[in-house]
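# Structure at a glance
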Amino acid sequence: MNIDPVADYLTRVRNAVLATHRVVEIPASNLKKEITKILFDQGYILSYKFIDADNQGVIKIALKYDKFTNDPVIKKLQRVSRPGLRKYSGSEEIPRVLNGLGISIVSTSKGVMTGRQAQREHVGGEILCYVY
């Protein structure tokens, strides 16, 4: 039984990056799909594909590596808010990740978005994770 689906998602991606896999498959949910779209839009993953199989479906993510050094683009995935201790932030207090080089993913009333987008739209919410 999976208690925290976002932590499971981040752990699967983190483990695939550490093992230098090219593709990782993750059980799908709407929240995971939105996080995947954000990672793609921000350039952290190469591509993704949603496969509707069975009841839940699968997300296939092609991980991105540097052409020359073969280092992964995703250096760290850090879960911030967790089921035991939720972290909420107003639009003005959303933290900058790595002095602006990383992103924070925030679940707001207007949907899942990056911290910068949430600040621009003046909405706060639950800080799901940091990516850099």
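Look a little higher up for the structure.
Residues numbered from 1 in each chain as written. Predicted model: local features only at pLDDT ≥ 70, side-chain atom pairs only at ≥ 80, totals over all residues. Heavy atoms only, no water.

### Digging into the overall build of the chain
Keep this limit in mind: Secondary structure is summarised from DSSP: a helix means a run of H or I of at least four residues, a strand means a run of E of at least two, and numbering begins at the N terminus for each. This radius of gyration counts C-alpha atoms alone. The globule rule is 2.2 Å times how many residues there are, raised to the power 0.38. In what follows, residue pairs with any heavy atoms lying within 4.5 Å of each other are defined as contacts. Surface accessibility follows the Shrake-Rupley procedure with a 1.4 Å probe radius. Residue values consider only the protein chains on display as shielding. Lys and Arg are tallied as positive, Asp and Glu as negative. Neither His nor the chain termini are counted. Working definition for charges: the position is that of NZ of Lys, CZ of Arg, CG of Asp or CD of Glu.
In terms of regular secondary structure, the chain is built from three helices and eight strands. Secondary structure of the chain in N-to-C order comes out as α-β-α-β-β-β-β-β-β-α-β. Here the C-alpha atoms of the chain give a radius of gyration of 15 Å, agreeing with the 14 Å that 2.2 N^0.38 yields for 132 residues. In terms of overall dimensions, the chain has a C-alpha envelope of 40 × 35 × 25 Å along the principal axes. Looking at the chain alone, contacts between residues at least 24 apart form 60% of all its contacts between residues at least 6 apart. Working note: accessible area of the chain is about 7800 Å², and carbon and sulfur atoms make up 49% of it. One finds the centroid of the 20 positive side-chain charges in the chain at a distance of 4 Å from the centroid of its 13 negative side-chain charges.

### Things to note about the environment of Glu 25
The cut-off we apply is this: Using a 1.4 Å probe on the protein chains alone, a residue whose accessible area is under 20% of its type maximum counts as buried, one over 50% counts as exposed, and one in between counts as partly exposed.
The residue Glu 25 is located in strand β1 (residues 23-27) in this model. Judged by relative accessible area, Glu 25 falls into the partly exposed class, the value being 47%. For the pair Glu 25 and Ala 118, spaced 93 residues apart in sequence, the C-alpha separation works out to 29 Å. Excluding its chain neighbours within four sequence positions, the residues that come into contact with Glu 25 are Arg 12, Val 58, Ile 59 and Lys 60.

### Concerning the side chain of Ser 104
Examined against the element boundaries, Ser 104 turns out to sit in strand β6 (residues 103-108). The exposure class of Ser 104 is buried, given its relative accessible area of 4%. Residues contacting Ser 104, with those up to four places away along its chain left out, are Ile 94, Pro 95, Val 97, Met 113, Thr 114, Gly 115, Cys 129 and Tyr 130.

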